[in-house]
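Next come the chains, spelled out residue by residue.
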Amino acid sequence: MIRVAICDDHQIVRAGFKQIFSSSGEFDVVAEGATGREALDIARREICDVLLLDIAMPDQSGIDILRTIRQGQPNLPVLILSGYPAQQYALNLFKMGANGYLNKECDADELKTAVRTVYQGRRYVSSQVGELLAQSFDRDPNTALHTELSDREFQVFLRLAKGATVSDIGNALSLSIKTVSTYRTRIMEKMGLQSNSDLTYYAMKNNLLD
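Residues numbered from 1 in each chain as written. Predicted model: local features only at pLDDT ≥ 70, side-chain atom pairs only at ≥ 80, totals over all residues. Heavy atoms only, no water.

As a further point, take the pattern of salt bridges. Two side chains with opposite charge may pair up if their charged atoms get near one another. The full count for this structure, using the stated rule, is 10 salt bridges. One salt bridge in this structure joins Asp151 and Arg67, with 2.8 Å as the shortest N-O distance. Of the two residues, Asp151 sits in helix 7 (residues 151–161) while Arg67 sits in helix 3 (residues 62–72), which places them 84 residues apart along the sequence. Glu153 is the partner of Lys190 in a salt bridge, and the nearest nitrogen-oxygen pair spans 2.8 Å. Residue Lys190 is located in helix 9 (residues 177–191), and its partner Glu153 is located in helix 7; the two are separated by 37 residues in the primary sequence. Beyond isolated ion pairs, a larger network of salt bridges with shared partners links Asp8, Asp54 and Lys104. (Salt bridge = Lys/Arg side-chain N within 4 Å of Asp/Glu carboxyl O. Helix = DSSP H or I, 4+ residues; strand = E, 2+ residues; numbered from the N terminus.)

Below you can see the structure in the form of structure tokens.
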């Protein structure tokens, strides 16, 4: 059986997914988490074969959680769950090491297919995400600017957009102020923006803020 852990801050979502898995003898839900800390604890205990991770957790973002998991458990399949459209986060999360990306509105069969796929060591790419990936390879001029950022740049970008200072970001991500400032400069250059206000406006326009 495929051991699955479900990390989402909404109990009703966890219950729904758990019901889907319980209807099949192929999956066993071995753990549930409602916070980022609980998700990291589950990953560190290595008790599951696939971890389903919500992108919006109450204590820290799924983006930060994913990066931490990749540093300590690089081989653990992580399937991202999101209520956001794929174009907002999917490409960046794949760059950061996500094994798959699913919208929470997916049907039961797609969820089970995605879990099977990442369990087998492959990436699950939905038709919508596949189209986004194709656009990125073709360097579509309409591709969202934030998808060109590296994983660390994307982390810093989101925090700057939310109003965090360079010092705050350095403390949160264990980086020097100089390093954060360098990331900020790169972000501004890649996105063609001039100020933190521009970053915030862009993030709000593209629905990247919780």
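Continuing now.
This part takes up unusual backbone geometry. Phi angles above zero are rare outside glycine, and Glu46 is one such case at about 55°. Of note, Glu46 is situated in the loop between helix 2 (36–45) and strand 3 (50–54). Even without being glycine, Asn207 reaches a positive phi, approximately 55°. With respect to the secondary-structure elements, Asn207 resides in the segment after helix 10 (196–205).

The next thing to look at is helix 8 (residues 166–173). Every buried residue of helix 8 is listed here: Ile169, Gly170 and Leu173. Buried residues of helix 8, seen end-on, are gathered within an arc of 100° and therefore sit on one face of the element. In this structure, the buried side of helix 8 is in contact with helix 3, helix 7 and helix 9. One or two steps after helix 8, the chain reaches Ser174, where phi turns positive at roughly 55°. (Buried < 20%, exposed > 50% of the residue type's maximum accessible area, 1.4 Å probe, protein only. Arc of directions from axis to C-beta. Contact = heavy atoms within 4.5 Å.)

Taken from the UniProt record, the annotation "modified residue: 4-aspartylphosphate" (unreviewed entry) applies to Asp54. Position of Asp54 relative to the elements: it lies in strand 3. Not counting residues up to four positions away in its chain, the partners in contact with Asp54 are Cys7, Asp8, Asp9, Gly62, Leu81 and Lys104. (UniProt positions renumbered as here; feature names shortened; annotations may be inferred.)

Among the five residues of strand 3, five are classified as buried, and the element is accordingly described as predominantly covered. Side chains Val50, Leu52 and Asp54 project from strand 3 onto one buried face, and the interleaved Leu51 and Leu53 project onto a second face that is buried too. In this structure, strand 1 (residues 2–7) lies alongside strand 3, joined through four bridges in parallel fashion. In the strand pairing of strand 3, Ala5 is matched with Leu51. Inspection of the sheet shows strand 3 paired to strand 4 (residues 78–82) by four bridges, in the parallel sense. Following the sheet pairing, Leu52 is matched in strand 4 by Leu79. Each parallel crossover has a hand, and for strand 3 linked through helix 3 to strand 4 it is right-handed. (Pairing = 2+ DSSP bridges. Right-handed = clockwise from strand over helix to strand, strands pointing away.)

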